[in-house]
Amino acid sequence: MSVEPFAWRDRPSLIEHLLPAQKISAEAQKERKAGAGQTLTALGSYWKGRKPLILVKACVLGALLPATDDPEADLSVFEKLMAIDDEAFLRREFLPSCVDLVKRLHSRREMSVEDAGRLFEIRRRTVVEDKTVWVLEPFSIGEIENLGRRALQWKESITDPERHAWQLRWIQSFTYLERVSAAKRPEELNQEPLFEPIWSQVNTHLGTQAGSLPELVEQLGILRFGHRPRVGDTFCGGGSIPFEAARLGCNVYASDLNPIACMLTWGALNVIGAPEVERPEIESAQAALGAAVDREITELDIEHDRDGNRAKAYLYCSEIKCPQTGWVVPLAPSWVISRTRNVIARLVPDRTRQRFAIEILAGVSAKELEEANNGTIRDGEVIYTLDGETYRTDFKTIRGDTRLPGGQTENKLRLWEKTDFMPRPDDILQDRLYCIQWITRETLNKGRQVTFFAGITDQDLEREQKVEDLVRENLPCWQAEGLVPDMPIETGEKTDEPIRTRGWTYWHHLFNPRQLLGLCVLRRAISRDTEFRQAALLVSLCIALDNCSKLCSWNTGHPGSGEYTAHVFYNQALNTLFSYSARSVDHICKTILAEKKRFAQCFGGTVRSLPANRTTQPVDLGITDPPYADAVTYHEITEYFIAWIRTRPPAIFSDWLWDSRRPLAIKGSGDDFRKEMTAAYAAMSAYMPDYGLQVVMFTHQDASVWADMAAIVWGAGLQVAAAWYIATETSSELKKGGYVQGTVLLILRKRLQQQSAYRDELVQEVRAEVARQIETMTGLNQLAKGSGRSENLFEDQDLQMAGYAAALRILTAYSRIDGQDMAAEALRPRQPGSSDTVKEIIDFAVQVANEYLVPEGIARGLWERLSGPERFYIRMLDIEAGGAKKLDNYQNFAKAFRYGDYTAVMGSTKPTDARLKTALELKRAEFEGEFGKSPLRAVLFALYELQREVDIDEVISHLRDLVPGYLTRREDLIELASAVAAKREIKAPAEAQAARILFSRIRNERLG
Ligand SMILES: C[S@@+](CC[C@H](N)C(=O)[O-])C[C@H]1O[C@@H](n2cnc3c(N)ncnc32)[C@H](O)[C@@H]1O
């Protein structure tokens, strides 16, 4: 190999100059949308917020590739390596049939009638002398609508390059989003053929001799760092960064404070990333586990009925004693069991015992189904009917909630003790089995099982009793052996819930006797296996745990999907339930075995459980996704899993501390957050060479996050080289929260010089750098358009981000500003109301970046005179005119322009269909605040009046009243009105027309 070690040591990385952020955003969203089809989700969907692998790939390659003096060629090579260039889509199975191709290109006038006749022929099946034969006929475009998709074919005389050129033209006729949504993800495809055609161009540009991504990565590593690149992630979480880096061929060093994160990262590298020879071993371990557990459970005879049917799910509900009637009432928010099969539970009064029998009825009418949907606990009230009378009691009354002087509440629920595993007879809340879903004996071993629902029989209760007795007898012993948790639940933001709402104080209280027994059998079978297999199976145990506790709700199904037991961590909390479903052990084992087996060769790596500030691992590249203010409380919710592993970890995991180490987890915001993050990044940079690079991913919230990040960068001795904004969330996720979150990539280098400056000098320098950055990027946009791309390389939000980054690049290059040591200043605790130099400088930088981003058609002078809300409105008009509709644009710019109440001017805040109010929609409202008093508001009001056919003189007279110093601002008003006219032309032509009338009138107004 002739690549010279360290030849590129001092060359800037591509990611410091360029990154096709729009394309990567589209790819990242596509990956997110794959849901359970995402590669690492196979290890457990309970870990939320894994970063998209395609984003990690972009970071690794972007950090290793050089930025040369030919940015276009750099970008082209990067896109090929990411398989996001136009041609890659042909290999990503986004290929047209000949009919599709002709239809689309002809309708877009990109293929003439003659071309079509020259390129294609029709293949028809006819019968000649009783034999079917294929005949070829000339093609004329008039026939296209009558042809099936396969009836047209390329003529044999058409060469591959010509065919390819037409197919490429077809691809280019789609927007990037359209292509991505129809194509396969690059990682889903066989890598060799996917990348095979790119190597000669890549090697020519880079001077390498690679034939695969890992070969290239190794050579790039040698050129930059003298060896295969070492990538470190000290906040590795679910493992996406180490996994993708290892898959690309890097040596990876991952660590996390949390042992479950370590286990998942280990699983990513060693189970999903297992070498081919080890894969059968993992699969056979899972199969053997299933068989061993099945044997034991079958021998215990606790899941089969007398007819040989086997349980799939057990449905339980809570019961309470009604204070009004003394009756025992079963509680469930709904008594529907199956919506697809019209199965319900019906409460039948049993007067002698003052309780309700529960009947299971199948095939009920739609009306009965809807009635059953009204459960006995609704909106916090227990509601039931007895002898025609409806009784309602606030559940809080039953639980005995009282408010304490400090504002907290307490209740009368008994706090469970370590020996408890089910409610005691006098507890307020009891547990009751009310229905079982059975798999018929005949279909037990069939791929498609037949199930039915049945009420509870005496034999079922005997089996329940047997389970209960087994648990009572053995629990202390199982706990001592580490097979069942004996760990108390520590109170916390999320862990308070089970304590407060159920009185559960130990982790094993979250499981009923049947679940405890089943999981214990599973855990014991795992602990008998070899060390490697134990480690792999514990990953599966955690998936079982996510499917098996009293926190699993019952989903009644809907058209197209049957009923099922939901996960515990469908969200990031520990929600207790009034009715829940317990999967049978058989079903749990099948759930584990049915896990999608995904494998992808990885180059291995090491995983350690360690606080980030204690890392001593030398790495060339640090790629991290640290915790931030609104992050998931991993340190609390993972205790649910830790409790099952901590006393008996296999040797492979035994060096890790099996504790969530809550106090060491970086969380929240403010001084501590900044201090701990600074220590973490200072430790990482201490073990990084001077020519190393860090990529930090964080959620863009507002300028205060930028200020925090800048402080951390300063404090850790780093400096900002670039920043990119990637929209990573999918619209379905957005529906839940109604907000959009993207990821900012902050690219950092070590700050090697001690430089000082004064703020006044910095102002000029920041301004110039922001201008240079934005001009370079808009220049690249134009170049790209010139070379046939239909879309911008960089959209406004990329420019905005790059503007911030440019400002930060200047600022963080200085270690002293105005005589202050910025590293120390960054760490200084902030007093509310006290001055904060870092924040002030960042605010200034943000402002400069935003000032510089002048929308098309607006003069810089006017832009500088506009208020934040006016800039927001004009900027968003500009973006809307370009067809963008995403709410995150609005959120980002509202933050940038410090327009807190921007929703007042929004016509829609739907995550993927957001828009501003038009003048007509603003009507006579919104005259308060900065926006309300602005000239733009006055112009919009004039447009409203004009569209309402108010006389133009009256309109002008109102405008004069609304704009103080009208005469001096006439030119501004003309410019604002003409901006609205230009930007509303397509979306609101009537408003554009009114704006044209307005500006001509102001322009021609006779003054004096
Ligand atoms: C945002 S998550 C990382 C997610 C990960 N990149 C992924 O794709 O799944 C942040 C991680 O930081 C870890 N963490 C929190 N405080 C830490 C500390 N002081 N040291 C090391 N890791 C910490 C958490 O356990 C969590 O796994």
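The coordinates are above.
Residues numbered from 1 in each chain as written. Predicted model: local features only at pLDDT ≥ 70, side-chain atom pairs only at ≥ 80, totals over all residues. Heavy atoms only, no water.

**Q** Before we move on, can you summarise the overall build of the chain with the specific residues and values?
**A** Across its full length, the chain holds 40 helices and 30 strands. Taking 1008 residues into account, the globule formula puts the C-alpha radius of gyration at 30 Å, and the chain, at 33 Å, falls close to it. With respect to the three principal axes, the spread of C-alpha positions in the chain is 95 × 85 × 70 Å. Among the 1008 residues that make up the chain, the fraction classed as buried is 56%. In the chain, once contacts between residues fewer than 6 apart in sequence are set aside, the share between residues at least 24 apart is 72%. Approximately 42,100 Å² of the chain is accessible, and the part contributed by carbon and sulfur atoms is 49%. (Helix = DSSP H or I, 4+ residues; strand = E, 2+ residues; numbered from the N terminus. Rg over C-alpha atoms; globule rule 2.2 N^0.38 Å. Buried < 20%, exposed > 50% of the residue type's maximum accessible area, 1.4 Å probe, protein only. Contact = heavy atoms within 4.5 Å. Areas by Shrake-Rupley, 256 points an atom, 1.4 Å probe, with all protein chains shown as cover.)

**Q** Quick rundown of the sheet that holds strand β12 (residues 381-386)? Include the residues and the values.
**A** Reading across the sheet, the three strands line up as β11-β12-β13 and stay open at both edges, with antiparallel pairing between neighbours. Of all strands in the sheet, those bounded by a partner on one side alone are β11 (377-378) and β13 (389-394). Relative to β13, β12 runs antiparallel, the two being bridged by six bridges. Paired with V382 across the strands is T393, a residue of β13. (Pairing = 2+ DSSP bridges.)

**Q** So, the site of the ligand: which residues are in play, and what are the values?
**A** Neighbouring the ligand are 24 residues, the closest being K51, G238, S240, D256 and A612. For the ligand, an oxygen atom lies 2.7 Å from a polar atom in the side chain of D256. With respect to the ligand, the backbone of I666 contributes an N or O atom lying 2.9 Å from a nitrogen atom. The fraction of the free accessible surface of the ligand (600 Å²) that becomes covered by protein chains is 95%. (Near = heavy atom within 4 Å. Polar contact = N/O pair within 3.5 Å; in protein donor to acceptor, adjacent residues only side chain to side chain.)

**Q** A description of the pattern of salt bridges should follow, citing residues and the corresponding values.
**A** Taken as a whole and judged by the stated rule, the model has 63 salt bridges. In this structure, D469 engages R472 in a salt bridge whose closest nitrogen and oxygen atoms are separated by 3.9 Å. Placement of both D469 and R472 in helix α18 (residues 458-481) is noted, with a separation of three residues, approximately one turn of the helix. You can call D469 partly exposed: its relative accessible area is 33%. D671 is the partner of R674 in a salt bridge, and the nearest nitrogen-oxygen pair spans 2.7 Å. Of this pair, R674 and D671 both sit in helix α25 (residues 670-686), three residues apart, which is roughly one turn of that helix. For R674, a relative accessible area of 6% translates into the label buried. (Salt bridge = Lys/Arg side-chain N within 4 Å of Asp/Glu carboxyl O.)

**Q** How would you explain the sheet that holds strand β28 (residues 820-821) if you had to name every residue and give the values?
**A** Taken in spatial order, the three strands make up an open sheet running β26-β27-β28, and their pairing is mixed. Looking along the sheet, the strands with just one partner apiece sit at the ends: β26 (756-757) and β28. By the bridge criterion, two bridges tie β26 to strand β27 (residues 816-817) in an arrangement that is parallel. By the bridge assignment, S756 is partnered in β27 with R816.

**Q** Which residues make up the packing of aromatic side chains, and what values go with them?
**A** Applying the stated rule across the entire model yields 39 aromatic pairs. With 4.6 Å between their ring centres and 15 degrees between their planes, F653 and W656 make a pair best called stacked. On the basis of an interplanar angle of 65 degrees and a centroid distance of 5.6 Å, the ring pair of F872 and Y902 is categorised as edge-to-face. Of this pair, F872 sits in helix α33 (residues 868-881) while Y902 sits in the loop between α34 (887-896) and β29 (906-910), placing them 30 residues apart in sequence. (Phe/Tyr/Trp six-rings, centres within 6.5 Å; stacked < 30°, edge-to-face > 60°.)

**Q** Residue-level account of unusual backbone geometry, with values.
**A** In the Ramachandran plot, A83 falls in the positive-phi region, its phi being about 60 degrees despite a non-glycine side chain. Mapping A83 onto the fold places it in the loop between α4 (71-82) and α5 (88-91). Here A83 falls in the buried class, since its relative accessible area comes to 0%. Residue E129 is not a glycine yet carries a positive backbone phi of 45 degrees. Mapped onto the fold, E129 is located in the loop between β1 (120-128) and β2 (131-138). By relative accessible area, which is 74% here, E129 ends up exposed.

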